[in-house]
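Reading the structure
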Amino acid sequence: MSSPALVFDASQDPQGDGIADEVLKSAPPAAEGHYDELRDAQGGMREPWQRFFGQIGPAGLADLDRREALLARQIHEDGVTYNVYSDPGGAARSWPLELLPMLIEPQDWRQIEAGVQQRAQLLNTVLADIYGEQSLLRDSLLPPSLVLGHPGYVRSLHGHRPTGDVYLHIVAFDLARGPDGRFWVMDQRTQAPSGLGYALENRMISSRLFPQAFRELNVQHLASGYRRLLDTLQVLAAPAAQGELPRLALLTPGPYNETYFEHAYLARYLGLPLVEGGDLTVRDECLYLKTVNGLERVHGLLRRLDDDYCDPLELRPDSALGVPGLLQAVRAGNVVMANALGTGFLESPAVQGFLPGIAQHWLGQDLLLPSLPTWWCGEAAAWESVAAELQGKVVASTFPPDAAARSMRAAFEPTLLAGDEESLLAWRVRVHRDPDNYTIRTPLAHSQSPAWSGGEFQERGVTLRVYAISDGHGGWQVLPGGMARTASAHAALPIQQGGASLDAWVLTDGAVDTFSMLPSPLRVEDLTRQQRPVSSRTAENLFWMGRYTERTENLSRLARVLFSVLGEDDEEASPPVLDALSELAYRSGLVSSKVPSLGQSVRVFERAVVEALPKAWDASSVAYNLRALSYSAGSLRDRLSPDHWRLIRDMGEQFSLRMQPGFTPLTAAEALPALDWLDVQLSAVTGAQFDRMTRDAGWRMLAVGRYVERLVAYADILRIFFERGAASHPQGFDVLLALFDSTITFRSRFQRRLELPALLDLLVMDEANPRALGCVLRRLRIELRKLPQVGGEDTIESLLSLLPPEGVGQGLAELCDPLWSAADAAAAGHPVPRLAERLGDAAASLSDRIGWHYFAHAGVRDRLLAAS
């Protein structure tokens, strides 16, 4: 996704020692009691950092500001964002990535890798026991009340063994380096570990910002870890597929989730369809994806949804994000969940205190990566041993904050206890009331790594999230790198609270893994099975993206034409034309129907239109439709090119900026340049939609959406102009051509002639004019015939039956009957408005029926029940 413009080709700096001295003078040392990632014990620069700064080029530190600016630009252009739940506007914010990476030396990585593999295997074994024999509970190696009382333990899955006994397909560990230089495990993420997509994007950007250093330091690549994840899921899902190619998908909570960008990015990188709970349904204990081709089996889900949201029937009943019946499909062995449901209790900080004992009991060895000293207050002896020494400790919630709140328990963030005796006494009272809800830990002084911000060096605490990926046969591959984050004094600082991420460079003293995500060659028989399914939600978003694009274009053109007419002398404006434009503006939502019409007050009407254009929350305004277009496109991040998405996103943002008034309200003359600019941008969007997207069923839905919207809008324009008698006036004749965007074509054919037959021939009958109703209908019939049949029904014929079988269903001679004239159009029965009304109604019915067949899948369950 990153632009080649980021790549630097600076030669090695011959003054490397000089740059190192400059860095040491400029960068502050780590705070007392913290490990310094930049300096060694003697105050000199560590060897990897010497090599790094020696490769940044002859410009030296003066060039870091430029690279920092390029980094910010690339983040914006790639659309790398995260959402903040607490933001009342729900705005996505740019992903914060530090310029300088975290460097991990080979000997440190070997220690991390071995320790993470050991812990991943241990946790998977713990899960197998808890959902099986439960010997850990019987032998008191884990307290039953901690496990069985945790909302992350799913009782209905006790006795269920997932395929290959793999509960954890991917597990993440948050590590921090202590003052002694050792790495400690702070937390573990076992439900749906986040960050894999961001880690990949961080690597894409940072490796291009410092390409020489990246090569010189022998940084290990990441791709093989992602390939391992796919291979494991394919192998484990094969039994459910029963000889077919397993179909996998990535389950996301949706575009409002804080990390939706990485869900879409990861789905695209792995080649998986991105699905939401509403895209899936369970029938006969099997999981299906609702697609435009009907229901298609899904055999494996890589989920980014926490356990309790996955199935509202058996887990959290108020969840609108999950799939009813999913647990039953899991128990039947018909779908592989990565990770398995019911792993959430391992994320409790209290579990950390029991893992060393479990490792000794089962493995006969200490954990290679130590845990922080931890006391679960639900054990009376543990609480008594630490109650008198709370000063300087960290108190954390044993249970997730939202689960604690639902069970009427106190919900709180980890807190460093550093107050007077009175405040410590208050904490003791709180713990005494509900000891199970509290876990006490010893804090760790995190190591500090150099950062560049605002033209100077800073030292920031860092933590490292490392991912272990199962091979499906008891082995584990550790992703060489992961995602580093800035930290406060005793914990990782959440991105939502001002934290930032760093790329983690794992240096190797061996060969760099050059594996690529390009898979092995396909066989000819595999090609048809490799077609990416188009989910019903995706098809619906594409359909509405097409409609919103067309609608925005029509609204913008209507506003420009209206302002052009009003810019002329008021006395020259024909009353029928003003009436027609007023009704069009009311019906399209360009202006409220409460505003006096053009016939009543031209200037009031004009001001109302100008004021409504940039109101994003005013339904049917230009800004509102741009926002709706951006939302639809945002839900399709896994299908749109970065350029396409960036074009749509920036179009809405820039239009709002261009329409911002100064000290006085905008006038029509001042709004016109913004509308002209928008017209150019919409042309670029149209080009991207029709020239840079694959012609699959999803694209056909986008095209159908555009043609349906065009038919509705143009039929309405034609009907109103004929009913109001505006088409019979020279000014109305010109305005009608402008609204159909056909002025140049008409003048090139008919010069200044104003005959009705010529007008209707071009705007209604001409199948070569993309704005003519006849051409729109022809294109609709073509695209509808290429849509898939659904459920064995004659779906296509039912859709086509709503449209005229050919042309517009009426001949030009009939429309131009000498018994009628344009001036008589307001009279009942005139063929032109009657035709326009029929076609507009047909377009609306077609839209409803497409939704009925392809998006809602109405009647699918009845057909399945009948077949069974």
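Report follows, based on the coordinates.

Basis of the calculations
- Residues numbered from 1 in each chain as written.
- Predicted model: local features only at pLDDT ≥ 70, side-chain atom pairs only at ≥ 80, totals over all residues.
- Heavy atoms only, no water.
- Helix = DSSP H or I, 4+ residues; strand = E, 2+ residues; numbered from the N terminus.
- Buried < 20%, exposed > 50% of the residue type's maximum accessible area, 1.4 Å probe, protein only.
- Contact = heavy atoms within 4.5 Å.
- Areas by Shrake-Rupley, 256 points an atom, 1.4 Å probe, with all protein chains shown as cover.
- Pairing = 2+ DSSP bridges.
- Axes fitted to C-alpha atoms, helices over the stretch in contact; angles between N-to-C directions.
- Salt bridge = Lys/Arg side-chain N within 4 Å of Asp/Glu carboxyl O.
- Polar contact = N/O pair within 3.5 Å; in protein donor to acceptor, adjacent residues only side chain to side chain.
- Parallel < 35°, antiparallel > 145°, perpendicular 65-115°, else oblique.
- Nonpolar A, V, L, I, M, F, W, Y, C, P; charged D, E, K, R; others polar.

Moving on: the overall build of the protein. Of regular secondary structure, the protein possesses 31 helices and 21 strands. Within the protein, the proportion of its 868 residues that are buried is 57%. Once local pairs closer than 6 in sequence are excluded, the contacts in the protein between residues at least 24 apart make up 71%. Taken as a whole, the protein presents about 34,900 Å² of accessible surface, with 52% of it coming from carbon and sulfur.

Before going further, it helps to examine the sheet that holds strand S8 (residues 280-283). Taken together, the 3 strands give an open sheet; going across it, the order is S8-S9-S10, and neighbouring strands pair in antiparallel fashion. Of all the strands in the sheet, the pair left with one neighbour each is S8 and strand S10 (294-297). For this sheet, the mean angle separating the axes of adjacent strands, direction not counted, is 40°.

Here we take up the pattern of salt bridges. Counting across every chain of the model gives 50 salt bridges. Two residues, Arg-771 and Glu-550, come together in a salt bridge whose shortest N-O distance is 3.6 Å. You can see Arg-771 sitting in the loop between helix H26 (756-765) and helix H27 (773-785) and its partner Glu-550 sitting in helix H17 (residues 536-566), a full 221 residues away along the chain. An identical accessibility class is assigned to Arg-771 and Glu-550; each is buried. In this structure, Arg-719 and Glu-723 form a salt bridge, with 2.8 Å as the shortest nitrogen-oxygen distance. Of the two residues, Arg-719 and Glu-723 are both situated in helix H23 (residues 697-723); the distance of 4 residues between them amounts to about one turn of the helix. The class for Arg-719 is buried, based on a relative accessible area of 12%. Linked through salt bridges whose partners overlap, the residues forming this network are Glu-550, Glu-553, Arg-557, Arg-706, Arg-710, Asp-741 and Arg-771.

Turning next to the environment of Gln-789. As for its position among the elements, Gln-789 is in the loop between H27 and helix H28 (795-800). Of the polar contacts made by the side chain of Gln-789, one reaches the backbone nitrogen of Thr-795; its length is 2.8 Å. Within polar-contact distance, the side chain of Gln-789 engages the backbone nitrogen of Ile-796 at 3.4 Å.

Moving on, we come to unusual backbone geometry. Note that the residue after Ala-338, namely Asn-339, is joined by a cis bond; omega there is 0°. Turning to its location among the elements, Asn-339 is positioned in the loop between strand S12 (336-338) and helix H12 (349-352). Even without being a glycine, Gln-134 presents a positive backbone phi close to 60°. Along the chain, the position of Gln-134 falls in the loop between helix H4 (106-130) and helix H5 (135-138). With a phi angle near 65°, Glu-285 is a residue other than glycine that sits in the positive phi range. By the secondary structure assignment, Glu-285 is in the loop between S8 and strand S9 (286-291).

Quick look at the packing of helix H18 (residues 575-588) against helix H24 (residues 730-739) now. H24 packs onto H18 with a crossing angle of 30° between their chain directions and a minimal axis gap of 10 Å. With respect to H24, the element H18 is oriented roughly parallel. Contacts between H18 and H24 pair Val-577, Leu-581 and Leu-584 from the former with Gln-731, Gly-732, Val-735 and Leu-739 from the latter. Residues of the contact of H18 with H24, tallied by class, amount to 5 nonpolar, 2 polar and no charged.

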